[in-house]
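Summary of structural features
Next come the chains, spelled out residue by residue.
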Amino acid sequence: MDLPAPRPVLWPLRPTESAQVSTSPHGGRTVVTIRHAPLDQVTPEMLAWWYGHVPGTMRYAGAVWPRYLVWHPLDHISYELTTPGKVVAPGARLHIKEALGRDLAKLIDLQVTVETVDQQFAIISKRILGTSIVRLENEFEPYHGGSRYTTRLTLGDTTLLGGLYLNNMAHTRAFPAPKLAAWIRHHIEEIGNLENFLPDLVRHRADHEP
C-alpha cells in the first residue's frame, strides 16, 4: 500500500503529555482511557455533527481535501462509509485505514460498526460472532464554551469466545504494545486537531448538510 502524500500541517499537533492516559486490565480485556485537554470552542453539538459527517470534503490549505485527511494530516489514509447513505448513523459500517506515525508496520485497517452518534457519545466497534475485539468510545460534555472529551479504547471481551481466542488476537494482532502506544499518540493528535478547524467548518460549510 502506498501512503497518500502528507497534507500541510497548519497547526502544531498536541503532544501526548497534553492528555491523561491510563491503561488497566479488566477480565481479559485491556481498557485505555484518555482524558484529553479541553477542546476550545468545540461544542458537543459540533462533535455530534462531525462524527455524522466525516465523509465529504472541505477547504484546507488552499485546496479541497477529504475531511478525514485533514483530521490527521499525516497518518490518515481513507475513511469509507460502506453502507447506503451519506450520514454516519447507528448501524452504519465504516472501513478505516491509517498508518500510525506514517509507518505501514503500524497500519490500522479495520471494518467497524457504528453503535452511537449523538451529543454525548460516538462509539464504534469491531465484533466477531457477537464478541467485541475492539470498541472505541468517545464521550464529550460541555465545558466553558467547548467540550471535555474522554476516550475509552477496549481491547477484548468477557465472552467465552473472547477468553478462548479473540482477546489474544486483539492484543497481539490488532493492537500489540508498540502499535497501541503509537495509536495513543495519534489519537491525542487527531482529537486535539479538531479545535483548529471544526468550529469554522460547522459555521461556514457550503453544502448545508443537516
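The notes below deal with the structure included here. (Residues numbered from 1 in each chain as written. Predicted model: local features only at pLDDT ≥ 70, side-chain atom pairs only at ≥ 80, totals over all residues. Heavy atoms only, no water.)

**Remarks on the overall build of the protein chain**
So the rule is basically this: Only DSSP runs of H or I with at least four residues qualify as helices, and only runs of E with at least two residues qualify as strands; both kinds are numbered from the N terminus onward. As a reference, a globule follows 2.2 Å times the number of residues to the power 0.38, and the radius of gyration itself is taken over C-alpha atoms. Think of it in three bands: residues with accessible area under 20% of the maximum for their type are buried, residues over 50% are exposed, and the middle band is partly exposed, with areas taken using a 1.4 Å probe on protein chains only. Residue contacts are counted whenever heavy atoms from the two residues lie within 4.5 Å of one another. What sets the accessible areas is the Shrake-Rupley method with a 1.4 Å probe; for residues, cover comes only from the shown protein chains. Only four residue types enter the tally: Lys and Arg on the positive side, Asp and Glu on the negative side; His and the chain ends are excluded. The atoms used to mark charge sites are NZ of Lys, CZ of Arg, CG of Asp and CD of Glu.
Each helix and strand counted, the protein chain has four helices and ten strands in total. Reading the helices (α) and strands (β) of the protein chain from amino to carboxyl end gives β-β-α-β-β-α-β-β-β-β-β-β-α-α. At 17 Å, the protein chain has a C-alpha radius of gyration in line with the 17 Å of a compact globule built from 210 residues. Across its three principal directions, the C-alpha atoms of the protein chain cover 50 × 40 × 40 Å. Buried positions account for 47% of the 210 residues belonging to the protein chain. If you take every contact in the protein chain between residues at least 6 apart in sequence, the share linking residues at least 24 apart comes to 58%. Put simply, the protein chain shows about 10,100 Å² of open surface, and 55% of that area lies on carbon and sulfur atoms. Put simply, the protein chain has 21 plus and 21 minus side-chain charges, and the middle of one group is 4 Å from the middle of the other.

**Observations regarding unusual backbone geometry**
For R102, which is not glycine, the phi torsion reads 55° and is therefore positive. Note on R102: relative accessible area 28%, which makes it partly exposed. For L129, which is not a glycine, the phi torsion comes out positive at approximately 50°. Positionally, L129 belongs in the loop between β8 (121-128) and β9 (131-143).

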